[in-house]
Amino acid sequence: MAEDYHIPVLLNQSVDALNVCNGGVYVDATFGGGGHSKEILRRIKGNGMLYGFDQDLEAYENFIHERDIYGDIDNSFQFVRSNFRFMGNFLKFYGVEKVDGILADLGVSSRHFDSDTRGFSFRFDAPLDMRMNQKAEVTAADVLNAYDEKRLADIFFLYGEMKNSRKVAEAIVRKRKNGKLLTVGDLVSTLEPFCKQQRAKKDMAKAFQALRIEVNQEMQALKEMLNGAERLLKTGGRLVVITYHSLEDRMVKNLMRTGNCEGDEQKDFYGNVVSPFVPVNRKVVTPDDEEMQRNPRSRSAKLRVAERI
Ligand SMILES: C[S@@+](CC[C@H](N)C(=O)[O-])C[C@H]1O[C@@H](n2cnc3c(N)ncnc32)[C@H](O)[C@@H]1O
């Protein structure tokens, strides 16, 4: 069942923001368990088209497994097993120049965290893999065993916001002199001395998050996808993004305000910022208490919406 795979976050708020209309063409950049896709398809009612991207084979298998649910709306849905950074190329392949809306619900799914074989969680001893795309070359073990100390420290600092990033990187380099880090257990035992007792789980989670972001090149992929959105969206089309990390949120916020992920402002003659997007909500949308209680993994979610002008 899709809910076992992943509970969709900010479901109604995000799909409402897409403004799904009769005959419209939409992209779900992060299909996962298909929660958002199903809601978009329910609103399309067989008259329109949805392209659902995911780079993970398990997401595709989940779609196939649930095919009967999609049933007669099959003609309105195309699964694309690819990184969303190649969205423009794939849409062109399917003969689509412009779309009415793009929704992205970033990061990993609950399926990733709950897998005891893929190395995303410190709860299960498994090979240090962490690849969302099982065909990608670089695993978490590759990063830990090949990167130099400074590069490792930068990753833990930037993506994990870890104050002790240098010490952690130093310990990893020391440890690997006695043999490669290959399993989650190898990493956990190296990190343990740096995790404060009361917040050990949080500290561990930060280190795992940082590694995962690096392994999957998540910031780079997001930047490419966001940069392509301007060209792909029709005038009036919506860009709807749910983020779970402050760096992701900053990129999205910048793009929606200025048209670029860096937030560099282009101004017109009168000093007004010129941008291909206009933000739809002044304030970022977050889950309410009820949603956070029902689905604690929604805690850090932030939804931003912009319209192509
Ligand atoms: C938070 S989950 C999405 C859950 C989905 N909205 C649902 O309701 O079930 C994120 C999904 O996006 C996929 N993903 C993350 N980054 C991706 C990328 N750059 N390209 C394609 N898929 C990506 C992951 O494999 C994961 O399945």
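All of the points below concern the structure found in this document. Remember, predicted model here, so these are calculated numbers, not experimental data.

**Side note on the overall build of the chain**
Counting its regular elements, the chain contains 15 helices and seven strands. Its C-alpha atoms give the chain a radius of gyration of 20 Å, within 12% of the compact-globule value 19 Å for 309 residues. Taken over the C-alpha atoms alone, the chain extends approximately 60 × 55 × 40 Å along its principal axes. Burial analysis of the chain (309 residues in total) assigns 51% to the buried set. Nonlocal contacts in the chain, meaning residues at least 24 apart in sequence, comprise 69% of its contacts between residues at least 6 apart. Approximately 15,500 Å² of the chain is accessible, and the part contributed by carbon and sulfur atoms is 49%. Averaged over its 46 positive side-chain charges, the chain has a centre that lies 5 Å from the centre of its 45 negative ones.

**Observations regarding the environment of Leu 103**
Secondary-structure assignment places Leu 103 in strand β4 (residues 99-105). Overall, the relative accessible area of 0% leaves Leu 103 in the buried class. Excluding its chain neighbours within four sequence positions, the residues that come into contact with Leu 103 are Ser 14, Val 15, Leu 18, Val 27, Asp 28, Ala 29, Thr 30, His 36 and Val 240.

**Examining unusual backbone geometry**
The backbone of Leu 10 sits at a positive phi, close to 45°, despite the residue not being glycine. Mapped onto the fold, Leu 10 is located in the loop between α1 (2-5) and α2 (11-18). The backbone phi angle of Gln 217 is positive, close to 50°, even though this residue is not glycine. Its location among the elements puts Gln 217 in the loop between α12 (200-215) and α13 (218-232).

**Regarding the packing of α2 against helix α3 (residues 35-44)**
Two elements in contact, α2 and α3, have axes whose closest approach is 10 Å; the angle formed by their N-to-C orientations is 45°. With respect to their mutual orientation, α2 and α3 come out oblique. Where α2 crosses over α3, the two elements pack in a sense that is right-handed. In contact with Leu 11, Asn 12, Ser 14, Val 15, Asp 16 and Leu 18 of α2, α3 contributes Gly 35, His 36, Glu 39, Ile 40 and Arg 43. The class makeup of the residues in the contact of α2 with α3 is four nonpolar, four polar and three charged.

**Let's talk about the layout of surface pockets**
Of the pockets and cavities examined, the largest pocket occupies roughly 1,200 Å³. Around the largest pocket sit 32 residues that line it, and Phe 113, Ala 205, Gln 209, Arg 299 and Ser 300 are the ones nearest its centre. Elements that contribute at least two residues to the lining of the largest pocket include exactly α7 (110-114), α9 (149-160), α12 and α14 (246-258). The element contributing the most residues to the lining of the largest pocket is α12, with eight residues. A per-class count over the lining of the largest pocket returns 13 nonpolar, ten polar and nine charged.

**What about α13?**
Every α-helix winds through 3.6 residues per turn, so residues three or four apart in the chain are directed the same way. With 15 residues, α13 extends 20 Å between its outermost C-alpha atoms, agreeing within 8% with the 21 Å of an ideal straight helix rising 1.5 Å per residue. Buried residues of α13: Glu 218, Met 219, Ala 221, Leu 222, Met 225, Leu 226, Ala 229 and Leu 232, and no others. Each buried residue of α13 lies within a common arc of 155° when the element is viewed along its axis, so the set occupies one face.

**Focus on the packing of aromatic side chains**
Applying the stated criterion across every chain, the model contains twelve aromatic pairs. Taking 5.5 Å as the distance between ring centres and 40° as the angle between the ring planes, the aromatic pair formed by Tyr 51 and Tyr 94 counts as tilted. Here Tyr 51, found in strand β2 (residues 49-53), pairs with Tyr 94, found in the loop between α6 (87-93) and β4; they are 43 residues apart in sequence, far enough to count as distant. Its relative accessible area of 30% is what places Tyr 94 among the partly exposed residues. The interplanar angle of 70° and the centroid separation of 5.8 Å between the aromatic rings of Phe 122 and Phe 208 together place this pair among those described as edge-to-face. Of the two residues, Phe 122 sits in the loop between α7 and α8 (140-146) while Phe 208 sits in helix α12, which places them 86 residues apart along the sequence. Here the aromatic cluster, defined as three or more aromatic residues joined through ring pairs, consists of Phe 31, Tyr 60, Phe 63, Phe 77 and Phe 79. Across from the ring centre of Tyr 147, 3.7 Å away, lies the NZ or CZ of Arg 151, which sits over that ring.

**A short note on the nonpolar core**
Residues Met 87, Phe 156 and Leu 239 are the most contacted members of the largest nonpolar core, which totals 67 residues. In contact with Met 87, not counting residues within four places along its chain, are Val 27, Ala 29, Phe 53, Ile 102, Met 225 and Leu 232. The next biggest cluster of nonpolar side chains, apart from the first, holds 22 residues, and it includes Ala 17, Phe 31, Leu 50 and Val 240.

About the cut-offs
- Residues numbered from 1 in each chain as written.
- Predicted model: local features only at pLDDT ≥ 70, side-chain atom pairs only at ≥ 80, totals over all residues.
- Heavy atoms only, no water.
- Helix = DSSP H or I, 4+ residues; strand = E, 2+ residues; numbered from the N terminus.
- Rg over C-alpha atoms; globule rule 2.2 N^0.38 Å.
- Buried < 20%, exposed > 50% of the residue type's maximum accessible area, 1.4 Å probe, protein only.
- Contact = heavy atoms within 4.5 Å.
- Areas by Shrake-Rupley, 256 points an atom, 1.4 Å probe, with all protein chains shown as cover.
- Lys, Arg positive; Asp, Glu negative; His and termini not counted.
- Charge placed at Lys NZ, Arg CZ, Asp CG, Glu CD.
- Axes fitted to C-alpha atoms, helices over the stretch in contact; angles between N-to-C directions.
- Parallel < 35°, antiparallel > 145°, perpendicular 65-115°, else oblique.
- Left-handed = near helix turned anticlockwise from the far one by under 90°.
- Nonpolar A, V, L, I, M, F, W, Y, C, P; charged D, E, K, R; others polar.
- 1 Å grid on protein atoms, 1.4 Å probe; cavity = no way out; pocket = protein on both sides within 12 Å on 5 of 7 lines; lining within 4 Å.
- Points joined across faces, edges and corners; volume = space filled by probe spheres on them.
- Expected span 1.5 Å × (residues − 1).
- Arc of directions from axis to C-beta.
- Phe/Tyr/Trp six-rings, centres within 6.5 Å; stacked < 30°, edge-to-face > 60°.
- Lys NZ or Arg CZ within 6 Å of the ring centre and 35° of its normal.
- Core = buried A, V, L, I, M, F, W, Y, C linked by side-chain atoms within 4.5 Å.

Keep in mind these numbers describe shape, not what the thing actually does.
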